[in-house]
Amino acid sequence: MNELVNFTIDKKECMSTKGKYLVDAAAENGIYIPTLCNITGIQPRGACRLCTVKVNGKLTTACTTPVYNNMEVENESPELQDLRKSIIELMFADGNHYCPYCEKSGDCELQAIAYRYRVTVPRFPYSFPKREIEAGHPLLAKDHNRCILCKRCIKAVKDDDGRSIFAFARRSHKLTISVDTRLSHVMSPEKAAYAAEICPVGAILLKGAAFKKPIGERKYDKKPIGTELEM
Amino acid sequence: MINSLNSIINKYDADPTRLMDILIDVQHKYDCISDEAVTFLADKLNLSEVDIEQTLSFYHFLSKETRGKYTVYLNNSAVAGMFGREAVAKAFEETSGCRFGEVSSDGLIGLFDTSCIGMNDQEPAAIINGTVFTRLTPFRVREIVNGLRKGLDPVDLQDVGLGDGNNNLDIIGAVVNNNIMKIGPVLSRDYKPGEAIRKIIQMSPEEVIREVKHSNIRGRGGAGFPTALKWEFCRNAPGSKRYIFCNADEGEPGTFKDRVILTELPLLLFEGMVVSGYAVGAEEGILYLRYEYKYLQKFLESILKMARRMRYLGKNILGKEGFHFDIRIQFGAGAYVCGEESALIESAEGKRGEPRDRPPFPVEKGYLNQPTVVNNVETLCAAVKVVLKGGEWYRKLGTHDSTGTKLLSVSGDCRFPGVYEVEWGFNVSQILEMVGAEEVQAVQVGGPSGTCVGPEDFNRTLCYTDLATGGSLIIIGKNRDLLRDIVLNFTDFFIEESCGSCTPCRVLTVMMRDKLQKILDGKGCSKDLEDLEDWGKLMRANRCGLGHTAPNPILTSLKNFRHLYEGLIPGKRGFDTGFRMEEALAEGRSLRLEQLKLQDHE
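Nothing here was measured: the structure is a model prediction, and the numbers come from that model.

1. Observations regarding the overall build of chain B
So, point 1. Secondary structure summary: chain B contains 24 helices and 15 strands in total.
So, point 2. Computed over C-alpha atoms, the radius of gyration of chain B comes to 25 Å, within 12% of the 25 Å expected from 2.2 N^0.38 for 602 residues, which places it in the range of a compact globule.
So, point 3. The principal-axis extents of the C-alpha atoms in chain B amount to approximately 85 × 65 × 50 Å.
So, point 4. For chain B, with 602 residues in total, the buried portion stands at 61%.
So, point 5. On chain B, the mean spot of the 72 positive side-chain charges and the mean spot of the 83 negative ones are 4 Å from each other.

Below is the structure:
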């Protein structure tokens, strides 16, 4: 699998190993493609659609598409930038995201990406949904208001027997993440911390840990998201 | 309960990939899948409770709460609405004493809406505990509900007479009509069971694929992928086992041709699966059958049994050494998206029917991660004829790039709704003449996911390069309110049936619907029309065909019937010119009132 391939992103010559997912191959070449649902190393699931690019003229998600030789990728065209911006706006309009008092502010990837894409007022009407906060789990709180249903927790956090602690429930606009009550009660603190850490927004919160790191010293407070890999 | 749950689990070898079958059996036995059952199943299958609920809560016909001793699923497709659904629904509510979405207080009757059940040529129709009732009227509803109250079984209430053809057999016994209106090579009466199998076992699998390739036949589900290529890719993909799926999940509102094939020519279909299995090198075939057609289960199983007896299925088929193939039926449980091939595979593996990312394609990594072919019912039937009569014969039918015939499911405002097998290349006007439709306002070609065309497009032809269709043709007369009765209904359908995974599909379809409602309420402005067009384009970012086509009812009607939208915009205004103070403040006021009440209470 170590075969090298040449491809282009926005006409820039890139090189990577065959079969690597485009989003990671782009990062190797100093190009940032925004994602909210992807975690490197875990089977991708193209849920948020934010990493949508055009490969040989067709829309596809960079997190699920392996690179191959002579692939032509369009990443930062005005059309794609606007598509991504509208997906971010959709997420804000669909949930209740109040950054000023959210525990995740500054570490939140949705917030950071919104800044990067200069989101001000969404073009879509806010739906102001009425959603629950589940506080009954011993180590975690699940705030459905902020959940963007990216599936990270579902894919990355399982118990030792491979059973799901987080799973989808229902479908359509009624889709939610449910937390397994029995398993959440025997979850290790490390696993709980991991779940909170990989949540790109403030939907999974570790109890008793909010604001341990002060605002101003958080991940995206100093440098915008993506700049760490851009050349 | 424990004993019977155990026996259900054991029936499927406690295999979590058979979770769909297990849940369907539990639901069938207890009218619901209770918390206790969920916990029990989770422990026995080594899954968590949320794993079980993830699948359970995805499907329309599975439920944690009881849905009544008799559960009425009344079709809410647009065509049902055209033929008096509202009065029928009202009669159900009055006689049952509960609203839709509820169970009557005595627990006897539950009333629920459901997406198209494949009876569009005999609407309004409903399924009551697996028994189909067609051509309902308020009078019939009162008879049925009174009968149920008297303790009669739904099966005993079919006293209006059974349908035609095999519907009349005891083993089916359904008040469903085939309404076969035009016969072609696929539906023809000259079918002799086993002939194609006898022929292919004299050929190599590669020769079979070559013959099918020569016919140029493409998938009949709507996407139109070349069938032989699919078989070839699957045959050549590395894997320890291969699988043939027949996609009998026809859920596109207005489609019912597969139901007719399953009723009249099941052996033809199974023979098609055997042919496909031989070509691909698969030993296992799975018929993924929509739950709405569960009334055909016993019949289909009896046909499978017969096929095994005739040695069309089983080991060393018709004496061909090493040629093994058998078929089982896998039921869905109410989800349109499972008609998408990768969602169908997920569902057959016991999971929620969420489409997969591609690559890899199912032909490389499909069912249980093995190379898998998913073919439409009609495709497999046509393949049998191709094998028998040759690819050269087949490609002379139809047009250059759309060879062969297509089964159309015709419904709506016409005199002769039903199934028509026609060669590709007919134009819309010819079809309308054929089915007896005059005074036509619009034709919905390909169901809600297709295109809504008006008279200026009636000269366009049905083929993959112009008006592609999986077969649903809904005719909408001039007297209909196109936007309210059709477009809004179709958009609601997509909202309900989205798997919810992709953000635009989950969120934007609802917003587009709200915007359409705003326009219908006379509150729209021309900016709203631009928004609908712009927002519709974003839906291309979704993963699957459902997500891509969900805005089509609005987009294609906006393109072809723009005057209807514009006529609803008062004074042709360009933007919202004001707001209603009372409405804007209503929520704040109600919260304030609640607060005052709480203070009083304290």
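Having seen it, we continue.
2. Considerations on the nonpolar core
So, point 1. A:Phe166, B:Trp231, B:Leu287, B:Phe325 and B:Tyr565 are the most contacted members of the largest nonpolar core, which has 194 residues in total.
So, point 2. Of all the elements, helix 12 (residues 266-280) of chain B adds the most residues to this core, at 10 residues.
So, point 3. Excluding its chain neighbours within four sequence positions, the residues that come into contact with A:Phe166 are A:Leu140, A:Cys153, A:Ile154, A:Val157, A:Ile177, A:Ser178, A:Val179, A:Met187, A:Ala195, A:Ile204 and B:Val50.
So, point 4. Formed by 22 residues, the second largest nonpolar core is a distinct cluster that contains B:Cys414, B:Val428, B:Cys463 and B:Ile475.

3. Some thoughts on helix 20 (residues 526-538) of chain B
So, point 1. Under the 1.5 Å per step criterion, the end-to-end length of helix 20 of chain B is 19 Å for 13 residues, consistent within 8% with the ideal 18 Å.
So, point 2. Every buried residue belonging to helix 20 of chain B is among B:Asp528, B:Leu529, B:Asp531, B:Leu532, B:Trp535, B:Gly536 and B:Leu538, and all of these are buried.
So, point 3. Elements in contact with the buried residues of helix 20 of chain B: helix 2 (78-94) of chain A together with helix 19 (503-520), helix 22 (552-560) and helix 23 (562-566) of chain B.

4. Here's the deal with the environment of A:Ser77
Residue and element names in this part refer to chain A.
So, point 1. Locating Ser77 in the fold gives a position in the loop between strand 5 (71-74) and helix 2.
So, point 2. Sequence separation between Ser77 and Thr61 is 16 residues, and the spatial gap between their C-alpha atoms is 15 Å.
So, point 3. Polar side-chain contacts of Ser77 include one of 2.9 Å to the side chain of Glu74.

5. Some thoughts on the sheet that holds strand 7 (residues 243-248) of chain B
All names here are of chain B.
So, point 1. Spatially, 4 strands are ordered 9-8-7-10 in an open sheet, and the strand pairing comes out parallel. Edge positions in the sheet fall to strand 9 (326-331) and strand 10 (372-376), since each of these pairs with one other strand and no more. Taking the axes of each pair of neighbouring strands and ignoring which way they run, one obtains an average angle of 25 degrees across the sheet.
So, point 2. In this sheet, strand 10 lies alongside strand 7 in parallel orientation, the contact comprising 5 bridges. The residue of strand 10 that forms the bridge with Ile244 is Val373.

6. A closer look at the side chain of A:Arg45
So, point 1. Its place among the elements puts A:Arg45 in the loop between helix 1 (22-28) and strand 3 (52-55).
So, point 2. Within the structure, A:Arg45 has its side chain in polar contact with the side chain of B:Asp357 (distance 3.5 Å).
So, point 3. Look past the residues within four positions of A:Arg45 in its chain and what remains in contact with it is A:Thr64, A:Lys151, A:Lys155, B:Glu346, B:Glu354, B:Pro355, B:Arg356, B:Asp357 and B:Arg543.

7. Thoughts on the interface of chain A and chain B
So, point 1. Taken together, the contact between chain A and chain B spans 45 residues of the former and 45 residues of the latter.
So, point 2. Of the roughly 3500 Å² buried between chain A and chain B on both sides combined, carbon and sulfur atoms contribute 51%.
So, point 3. The interface formed by chain A and chain B contains 10 salt bridges.
So, point 4. For B:Asp43, the salt bridge goes to A:Arg182, with nearest N and O atoms at 3.0 Å.
So, point 5. Our count for the contact surface shared by chain A and chain B stands at 21 residue pairs in polar contact (both at pLDDT 80 or more).
So, point 6. Secondary-structure elements contributing two or more residues to the side of chain A that touches chain B are helix 2, strand 8 (166-169), strand 9 (176-179) and helix 5 (181-184) of chain A.
So, point 7. Classifying every residue of the side of chain A that touches chain B gives 23 nonpolar, 8 polar and 14 charged.

8. Observations regarding the domain arrangement of chain B
Residue and element names in this part refer to chain B.
So, point 1. Considered domain by domain, chain B is made up of domain 1 (2-56), domain 2 (70-160), domain 3 (182-395), domain 4 (405-480) and domain 5 (483-572).
So, point 2. Opposite the 12 residues of domain 3 that make contact, domain 5 presents 8 residues.
So, point 3. Interface of domain 3 and domain 5: buried area, both sides summed, is about 860 Å²; carbon and sulfur atoms make up 65% of it.
So, point 4. Contact with domain 5 buries area across many residues of domain 3, yet Tyr336, Val337 and Pro355 alone supply 47% of it, more than any other trio.
So, point 5. Linking domain 3 with domain 5 are 2 salt bridges, by the criterion used here.
So, point 6. Counting the contacts that link domain 3 with domain 5 gives 6 residue pairs in polar contact (both at pLDDT 80 or more).
So, point 7. Tallied by class, residues from the side of domain 3 that touches domain 5 come to 5 nonpolar, 2 polar and 5 charged.

9. Overview of the pattern of salt bridges
So, point 1. Applying the stated criterion across every chain yields a total of 71 salt bridges over all chains.
So, point 2. One salt bridge in this structure joins B:Asp35 and B:Lys64, with 2.6 Å as the shortest N-O distance. Remark: B:Lys64 occurs in the loop between helix 4 (49-56) and strand 1 (70-75) and B:Asp35 occurs in helix 3 (residues 35-45); sequence separation between them is 29 residues.
So, point 3. In the salt-bridge network here, residues are joined through shared partners; they are A:Arg45, A:Lys151, B:Arg352, B:Glu354, B:Asp357 and B:Arg543.

10. Observations regarding the layout of surface pockets
To locate leftover empty space, one rolls a probe as large as a water molecule over the atoms.
So, point 1. In this structure, the second largest pocket occupies an estimated 1600 Å³ of space.
So, point 2. A:Pro125, A:Tyr126, B:Met511, B:Asp514 and B:Trp535 are the residues nearest the centre of the second largest pocket, which is lined by 47 residues in total.
So, point 3. Counting only elements with at least two residues in the lining of the second largest pocket, the list comes to helix 2 and strand 9 of chain A together with helix 19, helix 20 and helix 24 (581-601) of chain B.
So, point 4. Considering only residue class, the lining of the second largest pocket consists of 19 nonpolar, 6 polar and 22 charged.

11. A few points about the pairing of strand 7 (residues 140-143) of chain A
Residues and elements named next belong to chain A.
So, point 1. By the alternation rule, side chains of strand 7 split into Leu140 and Lys142 and Ala141 and Asp143, which are all buried.
So, point 2. Pairing between strand 6 (residues 133-134) and strand 7: 2 bridges, direction antiparallel. Looking at strand 7, one finds that Ile133 is bridged to Asp143.

Reading guide: rules and limits
- Residues numbered from 1 in each chain as written.
- Chains lettered and ligands numbered in written order.
- Predicted model: local features only at pLDDT ≥ 70, side-chain atom pairs only at ≥ 80, totals over all residues.
- Heavy atoms only, no water.
- Helix = DSSP H or I, 4+ residues; strand = E, 2+ residues; numbered from the N terminus.
- Rg over C-alpha atoms; globule rule 2.2 N^0.38 Å.
- Buried < 20%, exposed > 50% of the residue type's maximum accessible area, 1.4 Å probe, protein only.
- Lys, Arg positive; Asp, Glu negative; His and termini not counted.
- Charge placed at Lys NZ, Arg CZ, Asp CG, Glu CD.
- Core = buried A, V, L, I, M, F, W, Y, C linked by side-chain atoms within 4.5 Å.
- Contact = heavy atoms within 4.5 Å.
- Expected span 1.5 Å × (residues − 1).
- Polar contact = N/O pair within 3.5 Å; in protein donor to acceptor, adjacent residues only side chain to side chain.
- Pairing = 2+ DSSP bridges.
- Axes fitted to C-alpha atoms, helices over the stretch in contact; angles between N-to-C directions.
- Buried area = accessible area lost by both parts, 1.4 Å probe.
- Salt bridge = Lys/Arg side-chain N within 4 Å of Asp/Glu carboxyl O.
- Nonpolar A, V, L, I, M, F, W, Y, C, P; charged D, E, K, R; others polar.
- Domains from an automatic or database assignment.
- 1 Å grid on protein atoms, 1.4 Å probe; cavity = no way out; pocket = protein on both sides within 12 Å on 5 of 7 lines; lining within 4 Å.
- Points joined across faces, edges and corners; volume = space filled by probe spheres on them.

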